Amino acid sequence: NAKTIAIGINDKTRPVPYEKMVPLLLEFISRTNPNNPTITWISATGTHKPLTAYELDNLLPVNVRGNSKIISHDCDDEANLAYLGNTKAGTPLKINQIFMGADIKILLGSIEPHHFMGYSGGVKTAVIGLASRETIRRNHAMLTSPLATTGSFAANPCRVDVEEMGELVGVDLCLNVVLDTDKRTRAAFFGNPREVINRGIDFSKNISQVSVGSKYDLVI
């Protein structure tokens, strides 16, 4: 049984239905780890400004998270960044040390088309959201590739790099949702990060993408 569990969540810039997701996750943790492990929630801010205590409580209120602790990641706090090596693309992976030090590492987020990462969700919440500024900068430098575009996953250099970093981090579980244009939850996936992102992408494609017979000169 785990003594410590770290859970990475998206910051306030992404609409994620935590009020529905968190109680189910906490029930699962209670059922599978009956020895009352210490849970720490970490807001995955990436290079965004770290959240204040007030913003953190608005993001994940006490009545949702219970008496567990919530903190904000700071990509420039070198003292709290663990170096895990470089990826094949040369990205130096530094990630939040509190997250890395937990017995079990879990991520919450949403899967949707992303303008250069292909899709959001999966291990991206950790290896971008909980990473150092240099890690994020080096990964995002690959967005100039023509393959780094919406809906591109397996051949997208940014996303391939992200998936490799996810393996280095060793994320245990992901809970991801797919939302429609009205921000309603259409599906939820839980389990192995790779399986979650693959299943989530398949579902997202069905509700967010259409096939066209030819290219358009202008798309608005």
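Residues numbered from 1 in each chain as written. Predicted model: local features only at pLDDT ≥ 70, side-chain atom pairs only at ≥ 80, totals over all residues. Heavy atoms only, no water.

Undergrad: Looking at this structure, I do not really get the pairing of strand β4 (residues 81-86). What am I missing?
TA: Every other side chain in a regular strand lies on the same face of the sheet, so the side chains alternate between the two faces. Note: β4 against strand β5 (residues 92-96), 4 bridges, orientation antiparallel. What sits directly across from N86, in β5, is P92. (Pairing = 2+ DSSP bridges. Helix = DSSP H or I, 4+ residues; strand = E, 2+ residues; numbered from the N terminus.)

Undergrad: Help me out: how do you make sense of the pattern of salt bridges in this one?
TA: Pairing between side chains of opposite charge can happen when their charged atoms approach one another. With the rule as written, the count across this model stands at 10 salt bridges. Close ionic contact of R194 with E163 constitutes a salt bridge, the shortest N to O distance being 3.7 Å. A residue pair is termed long-range when its members are at least 10 positions apart, and R194 in helix α8 (residues 193-208) and E163 in helix α7 (residues 157-169) qualify at 31 residues. A salt bridge links R184 to D180, with the shortest nitrogen-to-oxygen separation between them at 2.9 Å. Residue classification places D180 among the buried residues on the basis of a relative accessible area of 10%. Counted as one network, the salt bridges with shared partners bring together E134, R137 and R138. (Salt bridge = Lys/Arg side-chain N within 4 Å of Asp/Glu carboxyl O. Buried < 20%, exposed > 50% of the residue type's maximum accessible area, 1.4 Å probe, protein only.)

Undergrad: Where do I start with the sheet that holds strand β2 (residues 38-44) in this structure?
TA: Taken in spatial order, the 6 strands of this open sheet run β3-β2-β1-β6-β9-β10, and their pairing is mixed. Because the sheet does not close on itself, it has two edges, and the strands there are β3 (69-72) and β10 (185-191). Strand after strand, the sheet turns through a mean of 15 degrees between neighbouring axes, direction not considered. Contacting β1 (4-10), β2, β6 (104-110), β9 (173-179) and β10, helix α1 (residues 18-32) runs over the sheet at an angle of about 160 degrees to β6. (Axes fitted to C-alpha atoms, helices over the stretch in contact; angles between N-to-C directions. Contact = heavy atoms within 4.5 Å.)

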